[in-house]
Amino acid sequence: MYELEIHRLRSAELRHAAQRERLAREAVRYRRAARRARAAGDGASEAESHTDRPRRQRLPRTA
C-alpha cells in the first residue's frame, strides 16, 4: 500500500512538472512571435541578428 501511494505522488509530481514545462515553452513561443511581429511591423533591420556581410566561405572537410 505504501508503494502505491509513493507511485501516485510521484506520478502527480511528474504531471505538474510537465505542465509547468509546457507553460514555459508556450510563454517563450509567444514572446518570440511578439518580437518577430514587432520587428516585422517596424521594418527595422537592426532587430535582425544577421548583417549584410557575405558569409565566410568554408573549405570542405578533408577525410
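Remember, it's a predicted structure, so these values are computed and weren't measured experimentally.

### Quick notes on the overall build of the chain
Then step 1. Secondary structure summary: the chain contains 1 helix and 0 strands in total.
Then step 2. Burial status across the chain gives 3% buried among its 63 residues.
Then step 3. Summed over its atoms, the accessible surface of the chain is roughly 6800 Å², and 53% of this surface lies on carbon and sulfur atoms.

### Some remarks on the pattern of salt bridges
Then step 1. The final tally for this structure, using the stated rule, is 1 salt bridge.
Then step 2. We note a salt bridge from Arg10 to Glu13, for which the minimum N-O separation is 2.9 Å. Remark: Glu13 and Arg10 occur in helix H1 (residues 2-42); sequence separation between them is 3 residues, near one turn of the helix.
Then step 3. Take Arg10: its relative accessible area is 45%, and that puts it in the partly exposed class.

### Topic: a positive patch on the surface
Then step 1. Taken together, Arg31, Arg32, Arg35, Arg36 and Arg38 make up a surface patch of like positive charges.
Then step 2. Here Arg38 is to be found in helix H1.

Reading the values: the criteria
- Residues numbered from 1 in each chain as written.
- Predicted model: local features only at pLDDT ≥ 70, side-chain atom pairs only at ≥ 80, totals over all residues.
- Heavy atoms only, no water.
- Helix = DSSP H or I, 4+ residues; strand = E, 2+ residues; numbered from the N terminus.
- Buried < 20%, exposed > 50% of the residue type's maximum accessible area, 1.4 Å probe, protein only.
- Areas by Shrake-Rupley, 256 points an atom, 1.4 Å probe, with all protein chains shown as cover.
- Salt bridge = Lys/Arg side-chain N within 4 Å of Asp/Glu carboxyl O.
- Patch = residues over 30% accessible without salt bridge, like charges linked within 9 Å, V, L, I, M, F, W, Y side chains within 5 Å.
- Lys, Arg positive; Asp, Glu negative; His and termini not counted.
- Charge placed at Lys NZ, Arg CZ, Asp CG, Glu CD.

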